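Geometric and topological summary
The residues making up each chain are set out below.
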Amino acid sequence: MTKKQDYTDDYRDKTLYLPGPTEVREDVIEAMAQPMFGHRMDRMTDLYTTIVEDTKTFLDTDNDVIILTASGTEFWEATTLNLVSRDGRVLCPTSGSFSERQANVTERLGREVDRIEYEWGRAVKPEDVREALEASEEGYDAVTVVMNETSTGVRNPIEEIGDVVAEYPDTSFVVDAISALGGDYVDIEKHGIDAIFTSVQKAFAMPPGLAVCVVSDDAYKREASKGTSSWYGGFRRCLDYYDRKGQTHSTPAIPLMLAYRVQMKHMLEEGHAARDERHREMRAYVHDWADEHFDLFAEEGYASQTVTCVENTQGIDVAATIEEVSERYDMVFSNGYGDIAEQTFRIGHMGEHTVESVRELTDAIEDVAEL
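In short, a report on the structure. Because the structure is predicted, anything quoted here is derived from the model rather than measured. (Residues numbered from 1 in each chain as written. Predicted model: local features only at pLDDT ≥ 70, side-chain atom pairs only at ≥ 80, totals over all residues. Heavy atoms only, no water.)

Concerning the overall build of the protein chain
Scanning the protein chain for helices and strands turns up 12 helices and 15 strands. For 371 residues, the compact-globule estimate of 2.2 N^0.38 gives 21 Å, and the protein chain sits close to it at 21 Å. In terms of overall dimensions, the protein chain has C-alpha extents of about 60 × 55 × 50 Å along its principal axes. In the protein chain, which comprises 371 residues, the proportion classed as buried is 56%. Contacts in the protein chain between residues far apart in sequence, at least 24 positions, make up 71% of those at least 6 positions apart. Charge-centre separation for the protein chain: the mean point of 36 positive side chains lies 7 Å from the mean point of 73 negative side chains. (Helix = DSSP H or I, 4+ residues; strand = E, 2+ residues; numbered from the N terminus. Rg over C-alpha atoms; globule rule 2.2 N^0.38 Å. Buried < 20%, exposed > 50% of the residue type's maximum accessible area, 1.4 Å probe, protein only. Contact = heavy atoms within 4.5 Å. Lys, Arg positive; Asp, Glu negative; His and termini not counted. Charge placed at Lys NZ, Arg CZ, Asp CG, Glu CD.)

And the structure:
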């Protein structure tokens, strides 16, 4: 049985190179310390409409945006309940822990799931999705794809997959972009994405606790035609309330939304394309470093722009290296996930990091591992 472990005030600050949470600007943290106000006051309307509309501007989308107090996991459930009928089927390509978990959530909600299973480290192929859609006699209410498989460092080609799904107008395309959106440019409307969602503690570089979902008009109408949906994350409930009141239907985490406002201003100032390019530069640097000392776990040509999964070809003690880098340099990176915990390690190069800040971590790893 878990026992209480007292929280103290003497923890050392660590620089985070995790696949999330990541580093947060000081002024974003400070924004959370404002006096509290009511979530039905005009001030809340000003705050919520600002962050919603600024998010649309940053993501270059005219689609609706929902920002809820939740983790991105909320939209695994909500998109299934909103878009998949009780006797409907979902096509879930699985290529790592999080895509498999999304399929499991869909099954737990009572929907039928067909998987296209890939070995960890491999990417979902558009032609396989096409073959499955063509072969299905019943058809699918939705296709779900994890854009950035955080467990393996694979970036799935959601643009090409979306183009395939768009040929099936009765099938919604749902994208989990939890560890990518904000650090990897996506043209949402061009590729027919009906719902794409993220958690703000990843590439948005905000404190954890808010989930963002971009919803197409078709997705809104499909939920309405079903007649049933998620209560908390229902598209109609969230968006209709926003249209009427400019607020959230339930009490939000106001301090987090104050932080969101400040960080989104920084993101708008940088611009979506420039933010994408900075993440590309970080990926190139980490990949060159990994190629020099180890190898990449992700299939060639499908590597994530925000998380690199390094194959431990030198057989270093991953857990011990992580611990010593943390103790000596106050930097934290991540071991591999699940069954590949010691075979790999992961570096998060997302949010506000730069090539220079990531180089500080790789220098520390070289020192500790004697590379």
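Concerning the layout of surface pockets
Each pocket or cavity is described by its volume, and for the largest pocket that value is around 260 Å³. If you trace the largest pocket, you find 20 residues lining it, with Phe 98, Arg 101, Thr 150, Ile 178 and Lys 202 closest to the centre. Tallied by class, residues from the lining of the largest pocket come to six nonpolar, 10 polar and four charged. (1 Å grid on protein atoms, 1.4 Å probe; cavity = no way out; pocket = protein on both sides within 12 Å on 5 of 7 lines; lining within 4 Å. Points joined across faces, edges and corners; volume = space filled by probe spheres on them. Nonpolar A, V, L, I, M, F, W, Y, C, P; charged D, E, K, R; others polar.)

Observations concerning empty space enclosed by the protein
Across all of its chains, the model carries one cavity of 30 Å³ or more by this definition. For the largest cavity, the calculated volume is near 40 Å³. Looking at which element gives the most residues to the lining of the largest cavity, the answer is strand β12 (residues 307-311), with three residues.

Thoughts on the environment of Thr 306
Relative to the elements of secondary structure, Thr 306 occurs in the loop between β11 (295-296) and β12. Excluding residues within four positions of it along the chain, Thr 306 makes contact with Asn 148, Ser 179, Ala 180, Gly 183, His 279, Ile 347, Gly 348, His 349 and Met 350. Polar side-chain contacts of Thr 306 include one of 3.2 Å to the side chain of Asn 148. (Polar contact = N/O pair within 3.5 Å; in protein donor to acceptor, adjacent residues only side chain to side chain.)

A short note on the pairing of strand β9 (residues 195-199)
Along β9, five of the five residues are buried, which leaves the element largely enclosed by surrounding structure. Both strand β8 (residues 172-176) and β9 contribute to a ladder of three bridges, which runs parallel. Residue pairing in the sheet places Asp 176 in a bridge with Phe 197 of β9. As paired elements, β9 and strand β10 (residues 210-215) share five bridges and run antiparallel to each other. Within the sheet, the bridge partner assigned to Ile 196 lies in β10 and is Val 214. (Pairing = 2+ DSSP bridges.)

Here we look at the packing of helix α3 (residues 74-83) against helix α4 (residues 97-108)
Where α3 contacts α4, the axes come no closer than 10 Å and their chain directions differ by 45°. Accordingly, the angle class assigned to the pair α3 and α4 is oblique. The hand of the α3/α4 crossing is right-handed. Between α3 and α4, the residues in contact are Trp 76, Glu 77 and Thr 80 and Phe 98, Arg 101, Gln 102, Val 105 and Thr 106, respectively. Counted by class, the contact of α3 with α4 contains three nonpolar, three polar and two charged residues. (Axes fitted to C-alpha atoms, helices over the stretch in contact; angles between N-to-C directions. Parallel < 35°, antiparallel > 145°, perpendicular 65-115°, else oblique. Left-handed = near helix turned anticlockwise from the far one by under 90°.)

Description of the pairing of strand β15 (residues 344-348)
Burial runs high along β15: five of the five residues are buried. Pairing geometry for β12 and β15, over five bridges, is antiparallel. Across the sheet, Glu 311 pairs through a bridge with Thr 344, a residue of β15. Pairing geometry for strand β14 (residues 334-335) and β15, over two bridges, is antiparallel. Its bridge partner lying in β15, Ser 334 is registered against Arg 346.

Things to note about the packing of aromatic side chains
Across all of its chains, the model carries 10 aromatic pairs by this definition. Their ring planes at 65° and their centres at 6.3 Å tell us that Phe 204 and Tyr 260 sit as a pair that is edge-to-face. Taken together, the positions of Phe 204 in the loop between β9 and β10 and Tyr 260 in helix α9 (residues 254-270) put the pair 56 residues apart, joining distant regions of the chain. With 5.2 Å between their ring centres and 85° between their planes, Phe 294 and Phe 345 make a pair best called edge-to-face. (Phe/Tyr/Trp six-rings, centres within 6.5 Å; stacked < 30°, edge-to-face > 60°.)

On their own, these measurements won't tell you what the molecule is for.
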